[in-house]
Amino acid sequence: PRTLADGSILSDGIVTDVTERVRTERALEAAARALRTTSRCRHAVVFATSEDELLRQVCDSIVEEGGYMMCGVLYRDADAARSVREVARAGAHFD
């Protein structure tokens, strides 16, 4: 900073717009999160010992790695009423 003749202070500086960099970093974080979620789901496909376990692990992965608030899997029954039943779920609303 320097003092001008009228007594006011003048400061020099550089302003850098980081909007695009922040946008790129967020996109990269989202892609990495999606990759981690997919990897964990693939792991469940390989190592789950039952369909129920697989669906629970996939729901857990989507919530825990994917950052979603909740996940659920519903099956439609073949009855006349076309009933829907929950077979797996994860997330804060379900605990």
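Use the structure listed above.
Keep in mind that this is a model prediction, so the values were computed, not measured.

Analysis parameters
- Residues numbered from 1 in each chain as written.
- Predicted model: local features only at pLDDT ≥ 70, side-chain atom pairs only at ≥ 80, totals over all residues.
- Heavy atoms only, no water.
- Helix = DSSP H or I, 4+ residues; strand = E, 2+ residues; numbered from the N terminus.
- Rg over C-alpha atoms; globule rule 2.2 N^0.38 Å.
- Buried < 20%, exposed > 50% of the residue type's maximum accessible area, 1.4 Å probe, protein only.
- Contact = heavy atoms within 4.5 Å.
- Lys, Arg positive; Asp, Glu negative; His and termini not counted.
- Charge placed at Lys NZ, Arg CZ, Asp CG, Glu CD.

**A closer look at the overall build of the chain**
Item 1. Of regular secondary structure, the chain possesses two helices and four strands.
Item 2. Each helix (α) and strand (β) of the chain, taken in turn from the N terminus, gives the series β-β-α-α-β-β.
Item 3. For 95 residues, the compact-globule formula gives about 12 Å, and the C-alpha radius of gyration of the chain, at 26 Å, lies well above that figure.
Item 4. Once the C-alpha set of the chain is aligned to its principal axes, its extents read approximately 90 × 30 × 20 Å.
Item 5. With 95 residues in all, the chain has 15% of them scored as buried.
Item 6. Looking at the chain alone, contacts between residues at least 24 apart form 28% of all its contacts between residues at least 6 apart.
Item 7. Charge-centre separation for the chain: the mean point of 13 positive side chains lies 3 Å from the mean point of 16 negative side chains.

**A look at unusual backbone geometry**
Item 1. Phi at Arg82 is positive, roughly 55°, even though this residue is not glycine.
Item 2. Mapping Arg82 onto the fold places it in the loop between β3 (70–76) and β4 (84–91).

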